[in-house]
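Chain by chain, the residues:
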Amino acid sequence: MTSSAETHEVFNQPPFFEGTELFSLDTPLKEAVAREAEWALSKLDAYGKRAGSEMMEQGFLANENKPVYHCHDRFGHRINQVDFHPAYHQLMAATINEGGHSIPWTDNRKGSYTARAAIMYLHNQVEAGTCCPLTMTFASVAALRHQPDLAKEWEPLITSGVYDPSNKPWFEKQGVTIGMAMTEKQGGTDVRANTTTATAIENEGPGQLYRLTGHKWFCSAPMCDAFLTLAQTEKGLSCFLLPRWKKDGTLNEFYVQRLKNKLGNLANASSEVEYRGAEAWMVGQEGRGVATIIDMVALTRFDCMVGSSAIMRQAVSQAIHHCSYRQVFGKTLIDQPIMQGVLADLALESEAALAITMRLATALENQQQDQHEARLARIVTAIGKYWICKRAPFMINEAQECLGGAGYVEESILPRLYREAPVNSIWEGSGNVQCLDVLRALQKDPDTLTAVQTEIGKAADKHPLLANWLDSIQSEMVNQEDMLPRSRLIVEKLAVALQASALLQDGDSKIADAFCQTRLDPQSRGQLFGALPAGIDCQYIIERNKLA
Ligand SMILES: Cc1cc2nc3c(=O)[nH]c(=O)nc-3n(C[C@H](O)[C@H](O)[C@H](O)COP(=O)(O)OP(=O)(O)OC[C@H]3O[C@@H](n4cnc5c(N)ncnc54)[C@H](O)[C@@H]3O)c2cc1C
């Protein structure tokens, strides 16, 4: 493309990526959806068109215009209000209208988890901050169902498909969003150290109204209509649903103190809050707060995998696009052998992240009817969250480098993707916590290890490197001593094996073979992306992952 500037011709620059259809051109994603949820293809086609064009633009606006907190109105009334750019609300509405926060709760067709994950995969690519409240709203239903009377009242509002951002009581709205507040100053991982207290207003027990006093150090999306939260009663840590407004139509004693000044995730307001006798209903059994809220946390952890896979996908799409047009030393970058290795390696990482994420979507959907799937759902959530969320920052930086200086400036989406990347590994349980969770799952139910090995074993006869890898996992697991210091290594090994297995079972055979050659043979690859063994068909891998 050539055009005239005042002093020179502008040439050797790629055309805009914006306007690219993010679903219909995404072969790995389309294949995953076609396999599990064919009925969702046309809906996703339409969503992918919007995501690649108007939503992409809204994503930039929502991040450039950060949310602003107003504690009082101009007459001095306390309002606890966060104002967002209109683009933020447009993005929220886009997904809520399409059921990106609800499909598995409202649609019992096969593949509902896959269809929803695909919507969120598209949404995360263009704006990840809004995905925080969307995720929490979706996941809240799993915890709320521990308290059927509350679920009966709230679930229809949560899943309604209406986005209403106005600052008014939930019972005046057609649709609500839900947040989650567990972390306190003295402990985020160790929520049992929570000091917030809850005292019954009249009767004690599940479904009853309590007064909560204390604070939460992180409360993202404080404009949500209610929050699943934790507080101590005499019987221990319990789960509560705390609405922003009380039943009498006055503001609840929920005070936003300030917004966090964050590295990334800038469109999303994350706050510190205080409860000064805030009213909240107990959800589930008293003293079983962690057991109740963990059902929500499991789903938000799954969405961390969706989110990290998505931003990796967007990064590699941008890198391939740029290199398809940019020439250096008279030759297009995509034709230069070293660059081919880098792009192909990044694409393999992206496909593998999607494969394990979509495998987990299926396991989550089938976990009620099938014990193998239930065991997989339990452990792959922790394995996948650990691995994919940790790979994302490293991988996105490499994709950024493919664009050279253009990948470092804010007009490009790459800097934002890079800043988004670390959050998914930190929130909802950081890396070591996921490793501890894997060990806990293995200890609590020894058949979980059999389930993972069976899952990997389903594809072991398709590739000798996976068969060898499975042997090495088995040897690693025979020794039950010193599991803690070895846990990161064990989780890594399981993660790549599960990725290989998912690709070999359901993915493209050439991609699966390249993944095994590059990930399961320690002799044949370097530490960084792009150091591939000879013989990998890089052009095929790149072509398959090219969007525009
Ligand atoms: C942008 C953002 C938004 C957030 N939004 C919310 C929200 O809406 N609601 C909410 O409740 N929380 C939220 N959080 C908080 C987040 O979930 C916590 O920060 C996280 O769980 C870690 O807790 P912590 O910060 O107290 O770190 P700590 O618990 O102090 O942990 C520090 C480090 O120690 C590691 N660690 C912990 N235990 C062990 C162990 N036994 N062995 C080895 N290592 C260990 C952890 O993995 C971590 O790396 C948010 C965080 C961020 C960054």
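This is a predicted model, so every value here is computed, not measured.

Visitor: An account of the overall build of the protein is needed here, citing residue identities and associated values.
Guide: When its secondary structure is counted, the protein shows 19 helices and 13 strands. A principal-axis box enclosing the C-alpha atoms of the protein has dimensions of 75 × 70 × 40 Å. Among the 548 residues that make up the protein, the fraction classed as buried is 60%. The contacts of the protein with a sequence gap of at least 6 include a subset with a gap of at least 24, amounting to 71%. Accessible area for the protein stands at about 22000 Å²; split by element, carbon and sulfur atoms hold 51% of it. Computed over 52 positive and 65 negative side-chain charges, the separation of the two mean positions in the protein equals 3 Å.

Visitor: I'd like a rundown of the environment of K49, residues and numbers included.
Guide: With respect to the element layout, K49 can be found in helix α2 (residues 41-52). Since its relative accessible area comes to 40%, K49 is described here as partly exposed. Once the C-alpha coordinates of K49 and T137 are considered, the two residues, 88 residues apart in sequence, prove to be 24 Å apart.

Visitor: Report on the side chain of T196, specifying residues and quantitative values.
Guide: Relative to the helices and strands, T196 resides in the loop between β5 (178-181) and β6 (197-200). With relative accessibility at 0%, the residue T196 sits in the buried group. Apart from the residues lying within four places of it in its own chain, the contact partners of T196 are E184, L212, T213, G214, H215, K216, L230, A231, Q232 and Y275.

Visitor: Tell me what's going on with the packing of helix α1 (residues 27-36) against helix α6 (residues 112-126), and back it up with residues and numbers.
Guide: Viewed as axis vectors pointing N to C, α1 and α6 meet at an angle of 160°, and their least axial separation amounts to 9 Å. Taken as axis vectors, α1 and α6 run roughly antiparallel relative to one another. The way α1 lies across α6 gives a crossing that is left-handed. When α1 is examined against α6, the residues L29, A32, V33 and E36 are found in contact with a partner set consisting of T114, A118, Y121 and L122. A per-class count over the contact of α1 with α6 returns 6 nonpolar, 1 polar and 1 charged.

Visitor: So what's going on with helix α7 (residues 131-144)? Residues and values would help.
Guide: The end-to-end C-alpha distance of α7 is 20 Å, a good match for the 20 Å that 14 residues give at a rise of 1.5 Å each. Along α7, the helix axis deviates most sharply at F138, where the bend reaches about 25°. In terms of residue burial, α7 counts as a mostly covered element, since 14 of its 14 residues are buried.

Visitor: Explain the pattern of salt bridges to me, and be specific about the residues and the numbers.
Guide: Where charged atoms from two side chains of opposite charge approach closely, those side chains can pair. Applying the stated criterion to the full structure yields 33 salt bridges. Of the charged contacts, one joins D164 and K168 as a salt bridge, the two residues approaching to 4.0 Å between their closest N and O atoms. Looking at K168, the relative accessible area reads 28%, which means it is partly exposed. Its salt-bridge partner being K546, residue E543 comes within 3.5 Å of it at the nearest N-O pair. Through salt bridges with shared partners, a single ionic network connects E31, E351, D508 and R544.

Visitor: I'd like to hear about the domain arrangement of the protein, residue by residue, with values.
Guide: Domain annotation of the protein identifies domain 1 (173-288) and domain 2 (292-544). Between the C-alpha centres of domain 1 and domain 2 the distance comes to 34 Å. The partner domain 2 presents 12 residues to the 18 residues of domain 1 that form the contact. Both sides together, the interface formed by domain 1 and domain 2 hides about 1100 Å², and carbon and sulfur atoms give 70% of it. When residues of domain 1 are sorted by the area they lose upon contact with domain 2, M180, L263 and N265 head the list and together hold 44% of the total. There are 0 salt bridges connecting domain 1 and domain 2. Across the domain 1-domain 2 interface, the total number found is 2 residue pairs in polar contact (both at pLDDT 80 or more). Breaking the side of domain 1 that touches domain 2 down by element, the ones donating at least two residues are β5 and β8 (226-233). If you tally residues by element for the side of domain 1 that touches domain 2, the top one is β8, at 3 residues. Split into classes, the residues belonging to the side of domain 1 that touches domain 2 amount to 8 nonpolar, 9 polar and 1 charged.

Visitor: Run through the packing of aromatic side chains, naming residues and quoting values.
Guide: Under the counting rule described, the total for this entry stands at 11 aromatic pairs. Among the aromatic side chains, those forming a connected cluster through ring pairs are W154, W170, F171 and W281. Against the face of F218 rests K260, its NZ or CZ located 4.3 Å from the ring centre. Above the plane of the ring of Y540 lies K510, whose end atom (NZ or CZ) is 4.4 Å from the centre.

Visitor: Can you lay out the site of the ligand for me, pointing to particular residues and giving the numbers?
Guide: M182, T183, G188, T189 and S220 are the nearest of the 21 residues found near the ligand. Between an oxygen atom of the ligand and a side-chain N or O atom of T189, the distance comes to 2.5 Å. Measuring from a nitrogen atom of the ligand, one finds a backbone N or O atom of F218 at 3.3 Å. Across the complex, the protein chains shield 66% of the 980 Å² of accessible surface that the ligand would expose by itself. When contributions to the shell around the ligand are tallied by element, the ones reaching two or more residues are β5, β7 (209-220), α13 (423-426) and α14 (431-444).

Visitor: Please provide a residue-by-residue account of the pairing of β7, values included.
Guide: Strand direction decides the pairing type here: β6 and β7, joined by 4 bridges, are antiparallel. Of the residues in β7, the one forming a bridge with T197 is T213. Where β7 and strand β11 (residues 270-283) come together, 10 bridges link them in antiparallel fashion. Following the sheet pairing, L212 is matched in β11 by A278.

Visitor: Lay out the packing of α2 against helix α4 (residues 86-98) in plain terms, naming residues and giving numbers.
Guide: For any two helices packed against each other, one specifies the crossing angle of their axes together with the interaxial distance. Taken N-terminus to C-terminus, the directions of α2 and α4 make an angle of 175°; their axes are 12 Å apart at the nearest point. It follows from the interaxial angle that α2 and α4 lie roughly antiparallel. Between α2 and α4, the residues in contact are K43, Y47 and R50 and A94, T95 and E98, respectively. For the contact of α2 with α4, the per-class residue count stands at 2 nonpolar, 1 polar and 3 charged.

Visitor: Tell me about helix α9 (residues 289-325), residues and numbers included.
Guide: Taking 1.5 Å of rise per residue, the 37 residues of α9 would be expected to cover 54 Å, and the 54 Å separating its terminal C-alpha atoms lies within 8% of that figure. Summarising burial for α9: 31 of the 37 residues are buried, a large majority.

What counts, and where the lines are drawn
Residues numbered from 1 in each chain as written. Predicted model: local features only at pLDDT ≥ 70, side-chain atom pairs only at ≥ 80, totals over all residues. Heavy atoms only, no water. Helix = DSSP H or I, 4+ residues; strand = E, 2+ residues; numbered from the N terminus. Buried < 20%, exposed > 50% of the residue type's maximum accessible area, 1.4 Å probe, protein only. Contact = heavy atoms within 4.5 Å. Areas by Shrake-Rupley, 256 points an atom, 1.4 Å probe, with all protein chains shown as cover. Lys, Arg positive; Asp, Glu negative; His and termini not counted. Charge placed at Lys NZ, Arg CZ, Asp CG, Glu CD. Axes fitted to C-alpha atoms, helices over the stretch in contact; angles between N-to-C directions. Parallel < 35°, antiparallel > 145°, perpendicular 65-115°, else oblique. Left-handed = near helix turned anticlockwise from the far one by under 90°. Nonpolar A, V, L, I, M, F, W, Y, C, P; charged D, E, K, R; others polar. Expected span 1.5 Å × (residues − 1). Bend = angle between axes of the 7 residues up to and from the residue. Salt bridge = Lys/Arg side-chain N within 4 Å of Asp/Glu carboxyl O. Domains from an automatic or database assignment. Buried area = accessible area lost by both parts, 1.4 Å probe. Polar contact = N/O pair within 3.5 Å; in protein donor to acceptor, adjacent residues only side chain to side chain. Phe/Tyr/Trp six-rings, centres within 6.5 Å; stacked < 30°, edge-to-face > 60°. Lys NZ or Arg CZ within 6 Å of the ring centre and 35° of its normal. Near = heavy atom within 4 Å. Pairing = 2+ DSSP bridges.

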